[in-house]
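# Descriptive analysis of the structure
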Amino acid sequence: MKNLFYSIIAVAFMFSCTQQPQYKIQGNVDGLNTGSAVLSKVVDNELVTVDSVAIEKGSFAFKGSVEQPELYIITFADSLEGIQLFLENTDLNIAAHVDSISKADIEGSELTNLYTSFNKELLGFNLKMRNLYNEYIQANMSGNTERAKEIEEEYTVIEEQQMAYIDSFVKENSNTVLAPYITLRFVAHRLDAEELEEITSNFTPEVSESQYAQTLNERLEVMKRVAVGQPYVDFTLNDTTGNPLSLSSVVEKNDYVLVDFWAAWCNPCRQENPNLVAEYAKYHDKGFEIFGVSFDKTREAWVKAIKDDNLTWPQVSDLKYWDSAAGKLYAVRSIPHSVLIDKDGIIIAKNIRGEELGAKLSELMD
């Protein structure tokens, strides 16, 4: 009996030592008596259900464990709103009202509170810009061009303030998983490889192991491969007639090739197209070519935009929107995006457009 007693104690001790940390969520939504609560993980901007429980008299509970803090959302069957939180292995208490679920009070997670404060600050900038945009529309409609120009300048100032706030937040919180998450969502698309590497190098070892940091590092490796000074990366996609066309076949025949990532639905891209048409007319006979890569979803929209904008250079697409294979090869996260390649197959410039593109081509070819 004595040996049995010690054996039971030993097993219980081993179990307590190997038991994983857990999260426990206790929630209540005032005014939502029945239905279901669904806990979902955000994976590649899509919700993946992790758990679902019934709501009893407004209350619900979840229990489980996570390997690392990540963004989760709790949604409810009878509401379009959800509760965002960075779930970590801790006890959380959530209190909300059915009419304002997204504004729930969350206790027990400093990381979630920090993320909530970030979102509130960001919302303040967004509201200011939205109000200015509405005022800009009214000024244009009334013919008040002077006020419209003032609003453009005010909008730019607020936009720059917002970016400065985001950059500062990432720098000050580089020891939390919020830093790579926010960098990935709001910052990475406007950085070159050197700037992105400067940010990722400040992450703590624990933060560097997060899925967000790993995604950033993967992006950084791609950016380094297609940085200015590197050889271009070849790819082959179908043209508008469905025939395969490789970038290399165009580079080999011309002195300079501008790879233009664009889409029919992208207004800044369409606004830049007249400038591309003008530069193409000026320099095509001197050895300049453009290779269009569309991020469209349908052939009809793509072909119509080509015709409407009078684009006469080679065009390719796999019609996969942001999942474009060529876009991934060149780490494209926003469009318009361009890459200028010389006759030796070396990338000599990126994202030059408008007057800057004209000046560069004049320097190279006149």
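In this report, the structure presented in the accompanying data block is examined. (Residues numbered from 1 in each chain as written. Predicted model: local features only at pLDDT ≥ 70, side-chain atom pairs only at ≥ 80, totals over all residues. Heavy atoms only, no water.)

## Notes on the pattern of salt bridges
- A complete count under the given rule lists eleven salt bridges for this structure.
- Here E70 ties to K41 by a salt bridge, and the two come within 3.3 Å at their closest N and O atoms. Pair noted here: E70 is in strand β5 (residues 70-76) and K41 is in strand β2 (residues 36-43), with a separation of 29 residues, a long-range link.
- We classify E70 as buried; its relative accessible area is 8%.
- Classification of K41 as partly exposed rests on a relative accessible area of 24%.
- Between E197 and K224 there is a salt bridge, and its shortest N-O distance comes to 2.9 Å. Within this pair, whereas E197 is found in helix α5 (residues 193-200), its partner K224 is found in helix α7 (residues 211-225), the two being separated by 27 residues in sequence.
- The class for K224 is partly exposed, based on a relative accessible area of 31%.
- Among the charged side chains, a salt-bridge network with shared partners connects E135, R147, E150 and E154. (Salt bridge = Lys/Arg side-chain N within 4 Å of Asp/Glu carboxyl O. Helix = DSSP H or I, 4+ residues; strand = E, 2+ residues; numbered from the N terminus. Buried < 20%, exposed > 50% of the residue type's maximum accessible area, 1.4 Å probe, protein only.)

## Quick notes on the sheet that holds strand β14 (residues 337-341)
- Taking strand neighbours across the sheet as the criterion, the five strands line up as β13-β12-β11-β14-β15 in an open arrangement whose pairing is mixed. This sheet does not close on itself; its edge strands, each paired only once, are β13 (315-316) and β15 (347-350).
- Strand direction decides the pairing type here: β14 and β15, joined by three bridges, are antiparallel. What sits directly across from L340, in β15, is A349.
- Running over the sheet, helix α12 (residues 354-365) touches β11 (256-262), β12 (288-294), β14 and β15 and is turned about 165° from β11. (Pairing = 2+ DSSP bridges. Contact = heavy atoms within 4.5 Å. Axes fitted to C-alpha atoms, helices over the stretch in contact; angles between N-to-C directions.)

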